[in-house]
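Commentary on secondary and tertiary structure
Chain by chain, the residues run as shown.
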Amino acid sequence: MDSANFLKTPVWYPALANRTFLTSFVKLRSEAVKALADGIKYDENPDSPIAQTINELRIAMNAVPGNSFVFTDCCAPTDTERFLNKNGAVFSAESAWNNLAQSFKVRENAAAGKIEHICIRPFRRMNRTREFRLFIYEGQLSAMSQYYLIRHFRRLEGVKEAYWEKAKKFIDEIIWLLPVKTLVMDIYFTSDNEILIIDLNPWGEPTEPLMLDSWDRDWNTPAGIVLMPVPIPISGDVNISF
């Protein structure tokens, strides 16, 4: 199987549905894909491909209590103002479409023919201390990085080894389901300490190595879990010039 194709959510979801968030899918007509590529927002022409897609989106989103998180086969609209302000939460099908159409990443992938579906999950406000990126090399967990890189979380120091062992066991249990053995996986630890898959990503650029800093390293040697370091306090006279 082509690795890039497997990494699309609608492809890997059937094999890993019990290891991820409940997700539904809306297949896009070619006209709707073009509208996404062109960044066309919702219009009220009932015969337009956008209106047809919004009707199908509405059916899927009505099955979700509260807000939804809406993305595509291969990317989420994380580069939009709505994602910045509301972590991507949307309530109406119209807002969901417009948020996708405003995303440069979505438009670029639609123009490249990489998008065939819109994916819908119940919106969940993530606890940033529980998000991690796993680096799986030749079927083995090689490294694990804290996902949120803005600050150090002191509570993670006490649980980091338990998280690492839990992640290793998780990969050992599911690796037989993955036709691609070298990949990057974003995960979330629930309050019950279970692991849910957020996304699968290709190995190497443009996927960010996060706390691993570089892709140029010996991935056969496990690096363990890597967290943001403790901030170093600065004391004494500090002179700043511009």
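Preceding this paragraph is the structure being described.
Please read these numbers as outputs of a predicted model, since none were measured by experiment.

What counts and what doesn't
- Residues numbered from 1 in each chain as written.
- Predicted model: local features only at pLDDT ≥ 70, side-chain atom pairs only at ≥ 80, totals over all residues.
- Heavy atoms only, no water.
- Helix = DSSP H or I, 4+ residues; strand = E, 2+ residues; numbered from the N terminus.
- Polar contact = N/O pair within 3.5 Å; in protein donor to acceptor, adjacent residues only side chain to side chain.
- Contact = heavy atoms within 4.5 Å.
- Axes fitted to C-alpha atoms, helices over the stretch in contact; angles between N-to-C directions.
- Parallel < 35°, antiparallel > 145°, perpendicular 65-115°, else oblique.
- Left-handed = near helix turned anticlockwise from the far one by under 90°.
- Nonpolar A, V, L, I, M, F, W, Y, C, P; charged D, E, K, R; others polar.
- Pairing = 2+ DSSP bridges.
- Core = buried A, V, L, I, M, F, W, Y, C linked by side-chain atoms within 4.5 Å.
- Buried < 20%, exposed > 50% of the residue type's maximum accessible area, 1.4 Å probe, protein only.

Some points on the side chain of Arg133
Turning to its location among the elements, Arg133 is positioned in strand S5 (residues 131–137). In this structure the side chain of Arg133 is engaged in a polar contact, spanning 2.7 Å, whose partner is the side chain of Asp186. Leave out the neighbours within four places in its chain, and Arg133 touches Ala143, Met144, Ser145, Tyr147, Val184, Met185, Asp186, Asn201, Thr207, Glu208 and Leu210.

Describing the packing of helix H4 (residues 49–62) against helix H6 (residues 93–101)
Closest axis-to-axis distance for the H4/H6 pair is 8 Å, and the angle between their directions is 120 degrees. The angle between H4 and H6 places the two elements in the oblique class. Considering how the two elements wind past one another, H4 and H6 form a crossing that is right-handed. In contact with Ile50, Thr53, Ile54, Leu57, Arg58 and Met61 of H4, H6 contributes Ala93, Glu94, Ala96 and Trp97. Split into classes, the residues belonging to the contact of H4 with H6 amount to seven nonpolar, one polar and two charged.

Quick word on the sheet that holds strand S3 (residues 89–90)
With antiparallel pairing, the four strands of this open sheet are ordered in space as S1-S4-S2-S3. In this open sheet, the two edge strands, each paired with only one partner strand, are strand S1 (24–27) and S3. With two bridges connecting them, strand S2 (residues 68–72) and S3 associate as antiparallel partners. Counted as the bridge partner of Ser68 is Val90 from S3. Sitting on the sheet, helix H2 (residues 9–16) is in contact with S1, S2 and strand S4 (117–122), with an inclination near 45 degrees to S4. Relative to the sheet, H6 contacts S2, S3 and S4, its axis offset from that of S2 by approximately 40 degrees.

Looking at the nonpolar core
Within the largest apolar cluster, 29 residues are counted, with the highest numbers of intra-cluster contacts made by Phe132, Leu134, Met144, Ile171 and Met185. Elements with a minimum of two residues in this core: H2, S5, strand S6 (140–146), helix H8 (154–174), strand S7 (183–189) and strand S8 (195–201). The leading source of residues in this core is H8, at seven residues. Excluding residues within four positions of it along the chain, Met144 makes contact with Phe132, Arg133, Leu134, Phe135, Tyr163, Trp164, Ala167, Phe189, Gly224, Ile225 and Val226. Judged by nonpolar contacts, the second largest core, of 25 residues, contains Ala35, Ala60, Val70 and Ala93.

A short note on the environment of Val64
On the secondary structure map, Val64 appears in the loop between H4 and S2. Remark: the alpha-carbon pair of Val64 and Val11, spanning 53 residues in sequence, is separated by 22 Å. If near-sequence neighbours (up to four positions away) are discounted, Val64 is found in contact with Ile120 and Pro122.

Some remarks on the pairing of S8
Counting buried positions along S8 gives six out of seven residues, so the element sits mostly inside the fold. Two elements, S7 and S8, share six bridges in a ladder whose sense is antiparallel. Within S8, the residue paired with Val184 across the bridge is Asn201. Counted along the chain from S7 to the antiparallel partner S8, the turn is five residues long, and its residue Asn193 has a positive phi close to 65 degrees.

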